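Listed below, chain by chain, are the residues.
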Amino acid sequence: MVSAMDPGYFESMYAESADPWGFDDRWYERRKYALTLAALPRPHYRRAFEPGCSIGVLTAQLAERCDRVVATDVVPRALASARDRMQREGLADRVELGRASLLDPWPAGAFDLVVLSEVLYYLTPADLGTVLARAVDSLEEGGSLVAVHWQHPVPEYPQTGRAVHDSVAALDGLQRVGSYRDADFHLDVYTRGATPSVAAAEGLS
Ligand SMILES: C[S@@+](CC[C@H](N)C(=O)[O-])C[C@H]1O[C@@H](n2cnc3c(N)ncnc32)[C@H](O)[C@@H]1O
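Here is what the cut-offs are and how they apply
- Residue positions are counted from 1 within each chain, in the order its sequence is given.
- Totals for whole chains, interfaces and linings use all residues, but because this is a predicted model, local features are given only for residues with pLDDT of at least 70 and pairs of side-chain atoms are given and counted only at 80 or more.
- Water and hydrogen atoms play no part in the side-chain values, which are based on all heavy atoms of the structure.
- Only protein atoms enter the 1 Å grid used here, on which a cavity is any set of points holding a 1.4 Å probe that cannot leave and a pocket is any open set flanked by protein within 12 Å on both sides along at least five of seven lines; residues with an atom within 4 Å of a point are listed as lining.
- Grid points are joined across faces, edges and corners, and a volume is the space filled by probe spheres set on the points.
- Strands are runs of DSSP state E lasting at least 2 residues, helices are runs of H or I lasting at least 4, and numbering of each runs from the N terminus.
- As a working rule, the residues Ala, Val, Leu, Ile, Met, Phe, Trp, Tyr, Cys and Pro are called nonpolar, Asp, Glu, Lys and Arg charged, and the rest polar, with Gly in that last group.
- Among buried residues, the Ala, Val, Leu, Ile, Met, Phe, Trp, Tyr and Cys ones that are joined through side-chain atoms within 4.5 Å form a nonpolar core.
- Partly exposed describes any residue whose relative accessible area lies between the buried limit of under 20% and the exposed limit of over 50%, with all areas from a 1.4 Å probe on protein chains only and scaled to the type maximum.
- Whether two residues are in contact is decided by their heavy atoms, any of which lying within 4.5 Å being enough.
- Pairing between two strands is assigned when DSSP locates at least 2 bridges connecting them.
- UniProt positions are given in the numbering used here, feature names are shortened, and annotations may be inferred rather than shown by experiment.
- Fitting a line to C-alpha atoms yields each axis, with helices limited to the stretch in contact; the angle taken between N-to-C directions then spans 0 to 180 degrees.
- Charge counting treats Lys and Arg as positive and Asp and Glu as negative, with His and both chain ends excluded.
- The term salt bridge refers to a side-chain nitrogen of Lys or Arg lying within 4 Å of a carboxyl oxygen of Asp or Glu.
- For a crossover, the right-handed case is the one in which the path from the first strand over the helix to the second runs clockwise, viewed with the strands pointing away from the viewer.

1. Thoughts on the layout of surface pockets
Then, number 1: Approximately 700 Å³ is the volume attributed to the largest pocket.
Then, number 2: Looking at the largest pocket, it is lined by 38 residues, and the ones nearest its centre are F10, W21, E118, V119 and Y122.
Then, number 3: Considering every element that reaches the lining of the largest pocket, the biggest residue donor is helix α2 (residues 27–39), with 4 residues.
Then, number 4: Each residue belonging to the lining of the largest pocket can be placed in one class, and the counts come to 25 nonpolar, 6 polar and 7 charged.
Then, number 5: If you add up the space inside the second largest pocket, you get close to 280 Å³.
Then, number 6: Lining the second largest pocket are 17 residues, and of these P41, R42, P196, S197 and V198 lie nearest its centre.
Then, number 7: Looking at the lining of the second largest pocket, the elements that each hand over two or more residues are β5 (139–150), β6 (174–181), β7 (185–192) and α7 (198–201).

2. Considerations on the nonpolar core
Generally speaking, nonpolar side chains in soluble globular proteins are found buried as a group.
Then, number 1: Core analysis: the biggest nonpolar cluster contains 60 residues, and L113, L120 and L145 have the highest contact counts within it.
Then, number 2: What L145 contacts, discounting residues up to four positions off in sequence, is V114, L116, A135, L139, V168, L174, D188, V189 and Y190.

3. Side note on the pairing of strand β4 (residues 111–117)
Then, number 1: Of all 7 residues in β4, 7 are buried; the element is thus mostly enclosed.
Then, number 2: Judged from the 2 bridges that link them, strand β1 (residues 45–51) and β4 form a sheet pairing that is parallel. Across the sheet, the residue bridging to A48 is L113, located in β4.
Then, number 3: Pairing of β4 with β5, which is carried by 6 bridges, proceeds in the parallel orientation. Each residue of the ladder has a partner; that of L116, found in β5, is A147.

4. Some points on the UniProt feature "domain: Methyltransferase" (unreviewed entry) in the protein
Then, number 1: The UniProt entry lists residues 51–143 under the feature "domain: Methyltransferase" (unreviewed entry), expressed in the numbering used here.
Then, number 2: Between the end C-alpha atoms of residues 51–143 the distance is 17 Å, and the span holds 37% helix and 28% strand.

5. Concerning unusual backbone geometry
Then, number 1: Here S54, not a glycine, exhibits a phi torsion of approximately 55 degrees, which is positive.
Then, number 2: Within the secondary structure, S54 is located in the loop between β1 and α3 (57–63).
Then, number 3: In the Ramachandran plot, E118 falls in the positive-phi region, its phi being about 55 degrees despite a non-glycine side chain.

6. Considering the sheet that holds strand β2 (residues 66–73)
Then, number 1: The strand order across the open sheet formed by 7 strands is β3-β2-β1-β4-β5-β7-β6, and the pairing between neighbours is mixed. With partners counted over all chains shown, the strands left at the sheet margins are β3 (95–99) and β6, one partner each. Direction aside, the axes of adjacent strands within the sheet are offset by 15 degrees on average.
Then, number 2: As paired elements, β6 and β7 share 7 bridges and run antiparallel to each other. Bridge pairing links L174 to R192 in β7.
Then, number 3: α2 contacts β5, β6 and β7 of the sheet and is inclined by roughly 20 degrees relative to β7.

7. Looking at the side chain of D19
Then, number 1: Structurally, D19 can be placed in the loop between α1 (7–16) and α2.
Then, number 2: As a buried residue without a salt bridge, D19 has its nearest oppositely charged side chain in R85, at a separation of 6.0 Å.
Then, number 3: For D19, the contacting residues outside a window of four places in its chain are D24, D25 and I55.

8. Some remarks on the pairing of β1
Then, number 1: The buried count for β1 comes to 6 of 7 residues, which makes it a mostly enclosed element.
Then, number 2: With 6 bridges connecting them, β1 and β2 associate as parallel partners. By the bridge assignment for β2, Y45 is matched with C66.
Then, number 3: Following the chain from β1 across α3 to the adjacent parallel β2, one finds a crossover that is right-handed.

Structure (C-alpha cells):
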C-alpha cells in the first residue's frame, strides 16, 4: 500500500539544514521560480494560496504580484524562516503564514491563484484526488492554478511528478493555458473555466 509522507520526514530535513533544497542559492531554483512567475497569465492577483511554502522563497516572489498570499507548511522551523523573510522584505502585511497540511481543510474563501509547487508528489493517489478537488473548488472562475514538479523519480515519494501532472491534466473544470517542460521539471498553468488568452485580454488578438 502507498502511504502518505510523515511530517517527521520534513522536520528531520529542516533540523539538518535551514534550506534543504537550496532554494536561496541554486540557479536551478532561481530559474524555475522565474519561469513560474513569468507563466502566470495575469500581472496581478487578489488572493493566492501556496501550500507547502517551505522557507518562503517563492512565497515572497508571489507576494510581489498579489494583494495577499496565504502560505502554509507542516514544519514550524520552515515557517519561522519564511516569517523572518517576509519581515526582512517588508512583505509581512501581505503574507499570511500558518502551520497546516495539504490534507487539512483548505483556508476559507476563494482564491484567484493556487500554486502547487513541488508538493503534490508527497500525497498518495487517493489524497491527491481529494486535494485537487479542493483546489478546483477554491479557485474563482477565471483564476489560475499552477503545478510545478520535479520529474525524476524519488524512491521515498509516494508518486512521481509525472503521475501528479497527469492527474492535474485529467481534472474537470480546468483548461490548460500554458506549459513548460524540460528534462528536470514540468510547469503547467490552468485557468478555471474558459478565459481569454493573455493577448486577447489586452485586445491584441
Ligand atoms: C520541496 S518544498 C517546496 C517549497 C515551495 N513550494 C517551492 O516550490 O519553493 C516542499 C515543502 O512541502 C512541505 N510539505 C510536505 N508535505 C506537506 C503537506 N502534506 N502539507 C503541506 N506542506 C507539506 C515540506 O515541509 C516542504 O517545506
